[in-house]
Amino acid sequence: MESRLRVQGHPIQPMLVTFPYGLFACATLFDLAHVVGGPAFLGEVGYWTAIAALVAAGLAAVAGMIDLWDVRAGRTRRTAVTFNLVNTAVAGLFLISCLIRADSPQRGASGVLLVVELLALAVGGVGVALGARLMRQFDRREPSVGALRDLTGPTTEIIRRPGLTRGRA
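My aim in this report is to walk through the structure given alongside it, one point at a time.

The rules behind the values
- Residues numbered from 1 in each chain as written.
- Predicted model: local features only at pLDDT ≥ 70, side-chain atom pairs only at ≥ 80, totals over all residues.
- Heavy atoms only, no water.
- Axes fitted to C-alpha atoms, helices over the stretch in contact; angles between N-to-C directions.
- Helix = DSSP H or I, 4+ residues; strand = E, 2+ residues; numbered from the N terminus.
- Parallel < 35°, antiparallel > 145°, perpendicular 65-115°, else oblique.
- Left-handed = near helix turned anticlockwise from the far one by under 90°.
- Nonpolar A, V, L, I, M, F, W, Y, C, P; charged D, E, K, R; others polar.
- Core = buried A, V, L, I, M, F, W, Y, C linked by side-chain atoms within 4.5 Å.
- Buried < 20%, exposed > 50% of the residue type's maximum accessible area, 1.4 Å probe, protein only.
- Contact = heavy atoms within 4.5 Å.
- Expected span 1.5 Å × (residues − 1).
- Patch = residues over 30% accessible without salt bridge, like charges linked within 9 Å, V, L, I, M, F, W, Y side chains within 5 Å.
- Areas by Shrake-Rupley, 256 points an atom, 1.4 Å probe, with all protein chains shown as cover.
- Salt bridge = Lys/Arg side-chain N within 4 Å of Asp/Glu carboxyl O.
- Lys, Arg positive; Asp, Glu negative; His and termini not counted.
- Charge placed at Lys NZ, Arg CZ, Asp CG, Glu CD.
- Polar contact = N/O pair within 3.5 Å; in protein donor to acceptor, adjacent residues only side chain to side chain.

**Details of the packing of helix 1 (residues 13–35) against helix 2 (residues 41–68)**
Thinking step 1. As a packed pair, helix 1 and helix 2 sit with axes 8 Å apart at the nearest point and diverge in direction by 160°. If you check the angle between helix 1 and helix 2, you find them roughly antiparallel. Crossing of helix 1 over helix 2 shows left-handed handedness.
Thinking step 2. Residues belonging to the contact of helix 1 with helix 2 are distributed by class as follows: 22 nonpolar, six polar and two charged.

So this is what it looks like as structure tokens:
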């Protein structure tokens, strides 16, 4: 299976999914610092970092759904669906945290919300393992730094299935 959305021959979705994971981890660290007695602004920084992660998660989900469209039934499809569901669960837990915090004056996290965020990161660890499995299944090429020197042509491309023209499904 080839991903439809690619940059320099590499699928976009695995690149996009790293942003929400990193931002969710940073948001949790800011919230942890706030809960253990750090300045109040750290809680607000954690809140806005989680909001940015939710936006990034939405973009990654769109790319994931486009890629999922062409995965054939079987083990790989089940893994891809599970991967997308796990990512949705992580985003959902952080969304709940953000919705609860939205009305507070400083938007800081409580100890309970911090536990929810840590649970979301643990679930995200499962998503990382599933994503690594999918990459091994989809991309059989050996990575090399030397391949970067050989890059030519367009930097992005959308691969269309043969036989489909604009306006027809």
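**Focus: the nonpolar core**
Thinking step 1. Core analysis: the largest hydrophobic core is formed by 12 residues, namely Phe 24, Ala 27, Tyr 47, Ala 50, Ala 53, Leu 54, Ala 57, Val 90, Ala 91, Phe 94, Cys 98 and Ala 120.
Thinking step 2. Only helix 1, helix 2 and helix 3 (75–101) provide two or more residues apiece to this core.
Thinking step 3. The element that contributes the greatest number of residues to this core is helix 2, accounting for five residues.
Thinking step 4. Each residue touching Ala 57, except ones within four places of it in the same chain, is listed here: Pro 20 and Ala 91.
Thinking step 5. Counting 10 residues, the second largest nonpolar core, distinct from the first, contains Val 17, Tyr 21, Val 86 and Leu 130.

**Here we look at helix 3**
Thinking step 1. Over its 27 residues, helix 3 runs 39 Å from end to end, which matches the ideal 39 Å to within 8%, given 1.5 Å per residue.
Thinking step 2. Within the sequence span of helix 3, burial applies to Thr 79, Ala 80, Phe 83, Asn 84, Val 86, Asn 87, Val 90, Ala 91, Phe 94, Ser 97, Cys 98 and Arg 101.

**A short note on a positive patch on the surface**
Thinking step 1. Together, Arg 75, Arg 78, Arg 133 and Arg 136 give the surface a local cluster of positive charge.
Thinking step 2. Of all the secondary structure elements, the ones that give two or more residues to the positive patch are helix 3 and helix 4 (111–138).
Thinking step 3. Note that Arg 136 resides in helix 4.

**Some thoughts on the side chain of Arg 101**
Thinking step 1. Here Arg 101 is to be found in helix 3.
Thinking step 2. Among the polar contacts listed, one links the side chain of Arg 101 to the backbone oxygen of Gly 43, at a separation of 2.7 Å.
Thinking step 3. Not counting residues up to four positions away in its chain, the partners in contact with Arg 101 are Asp 31, Gly 43, Gly 46, Tyr 47, Arg 107, Gly 108, Ala 109, Leu 113 and Glu 117.

**What to know about the environment of Thr 28**
Thinking step 1. Within the secondary structure, Thr 28 sits in helix 1.
Thinking step 2. A relative accessible area of 4% places Thr 28 in the buried class.
Thinking step 3. When the C-alpha atoms of Thr 28 and Val 115 are compared, they prove to be 9.4 Å apart, with 87 residues separating the residues in sequence.
Thinking step 4. Ignoring any residue separated from it by four or fewer positions in sequence, one finds Thr 28 in contact with Phe 94, Leu 114, Glu 117, Leu 118 and Leu 121.
Thinking step 5. In this structure the side chain of Thr 28 is engaged in a polar contact, spanning 2.9 Å, whose partner is the backbone oxygen of Phe 24.

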